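Residue-level structure breakdown
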Amino acid sequence: FAPWDDPDQQPLIRFQNVTKRFGEFVAIDDLTLDIFEREFFALLGPSGCGKTTMMRMLAGFESISEGRIELSGKDIGHVPPNKRAVNMMFQSYALFPHLSVWDNIAFGLRRDRKSKEEIDSRVTEMLKLTRLEKFARRKPHQISGGQRQRVALARSLAKAPKLLLLDEPLGALDKKLRQDTQFELMDIQESTGTTFVIVTHDQEEAMTVASRVAVMDEGRVIQVATPANIYEYPNSVYVADFIGDVNIIDAKARPMGENTYALDWIDGQPPLRAESKTGFSEGQQAHLAIRPEKIRITKEKPEDAPNALEGKVLDIAYLGNLSTYHVQLPGGQVIKAQTANTRRIARRDITWEDPVWVSWSATAGVLLEH
Ligand code: ATP
């Protein structure tokens, strides 16, 4: 039973109708959102949608124009940053160049006048957690980028915050290291039990690490769900398009029976078939969103497929594990189909300009209103 499905569970963080204005400009627009203890929560959205502003309000670096933010049920609007059990790790890491790894991690604890024993034990624990024991005496310029990232993480966790905010924490790392570090980050989050809120531009990263993802646009949260639900059941064309690849076919819906629809999409073509739990009325405009990997591509017309369209291959991208086909449909729309290359040279039988059939089941797509 996930905490967000449990109505009795108290959230760690609650945004309640929060609005943030900079002069006339509305950066956060009446936003309501709960984040639960031990979650690894990702904020995802295009540049300028308000992700950093949300983090800065949580950390206390930015005031709230309207509404309230609660931490463990208490309004934190007027609690100064250093009195909140919240820490923020910046992309630049902001390590002190003249201090050793040890002293960087100990910095906040010393400032809080903790005892020597407590500092020693806590720093030792953090070095172990982040596998930095061997580097304790080095300065930041004497370690690698990935190790610096871990020092920043160790320092952010040293005071055992309830909530750690991570703004593009892996942004400075190259792709391979970034992917390895994502798993480290998940391990560390799990073993400390700290709630993490991460901002990232990288949707794959958000999908990898997060328990839930909030997809944002222009200061509003459009959808909050687990990575799998965001991908499989986007609530809008915006979310479907933002996360992963998607084909959108515009059509008019005609109810045919319980949860089943005929979709009229272009004149002269037989209607498409789709199932949907969301109700649509006769003639209502709908968008059918289908992921490329849900579409089959064959040379022969498939038998009994509820949706089968003849088209022509425009191009093929070979991606190693996958191949992507662009297929032009009657009426001109280009659809993307993706197949797994499980055999050595998969699909050698289909090439450019070939007439092909694309097909999908009635449950392969999601029917969306907007
Ligand atoms: P990015 O991914 O580029 O970091 P973001 O989603 O984090 O973007 P924010 O930094 O939260 O976006 O900014 C949201 C909006 O608020 C932007 O349009 C930005 O220009 C505006 N904004 C942020 N801070 C200020 C400020 N201090 N004064 C005026 N406008 C601001």
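Being a predicted model, the structure only gives us computed values, none of them experimental.

A closer look at helix α2 (residues 101–111)
- Regarding α2, the residues found buried are V101, W102, N104, I105, A106 and L109.
- Considering only its buried residues, α2 is in contact with α3 (116–129) and α4 (145–157).
- With its phi angle positive at about 55 degrees, R113 sits one or two positions after the end of α2.

Some details on the sheet that holds strand β3 (residues 40–44)
- Strand order in the open sheet formed by six strands is β6-β7-β8-β3-β9-β10, and the pairing between neighbours is mixed. Either end of the sheet is taken by a strand with one partner, and the two such strands are β6 (86–89) and β10 (220–225). Along the sheet, successive strands turn relative to each other by an average axial angle of 20 degrees, direction set aside.
- With four bridges connecting them, β3 and strand β9 (residues 212–217) associate as parallel partners. Each bridged residue has a counterpart across the sheet, and for A42 the counterpart in β9 is V213.
- Set on the sheet, helix α1 (residues 51–59) makes contact with β3, β6, β7 (163–167), β8 (195–199) and β9; between it and β7 the angle comes to about 150 degrees.
- The strands touched by α4 within the sheet are β6 and β7, with β6 carrying the most contacts at an inclination of about 170 degrees.

As for α1
- Looking only at α1, the buried set comprises K51, M54, M55, M57 and L58. Viewed end-on, α1 has its buried residues packed into an arc of 160 degrees, placing them on one side of the element.
- Note on α1: the residue one or two positions beyond its end, G60, has a positive phi of about 95 degrees.

Structural notes on the sheet that holds strand β11 (residues 247–257)
- The antiparallel open sheet is built from five strands, whose spatial order is β13-β12-β11-β14-β20. Strands at the two margins of the open sheet, each flanked by one partner only, are β13 (272–275) and β20 (366–368). Across the sheet, the mean angle separating the axes of adjacent strands is 45 degrees when strand polarity is ignored.
- Here four bridges tie strand β12 (residues 260–264) to β13, and the two strands are oriented antiparallel to one another. By the bridge assignment for β13, Y261 is matched with A274.

Focus: the domain arrangement of the chain
- When the domains of the chain are assigned, the result is domain 1 (3–240) and domain 2 (245–368).
- Taking only C-alpha atoms into account, the centre of domain 1 sits 39 Å from that of domain 2.
- Each side of the interface is counted separately: domain 1 has five residues, and domain 2 has six residues.
- Considering only residue class, the side of domain 1 that touches domain 2 consists of four nonpolar, one polar and no charged.

Procedures and definitions
- Residues numbered from 1 in each chain as written.
- Predicted model: local features only at pLDDT ≥ 70, side-chain atom pairs only at ≥ 80, totals over all residues.
- Buried ≥ 20, exposed ≤ 12 C-beta atoms within 10 Å, placed from the backbone.
- Helix = DSSP H or I, 4+ residues; strand = E, 2+ residues; numbered from the N terminus.
- Contact = placed C-beta atoms within 7 Å.
- Pairing = 2+ DSSP bridges.
- Axes fitted to C-alpha atoms, helices over the stretch in contact; angles between N-to-C directions.
- Arc of directions from axis to C-beta.
- Domains from an automatic or database assignment.
- Nonpolar A, V, L, I, M, F, W, Y, C, P; charged D, E, K, R; others polar.

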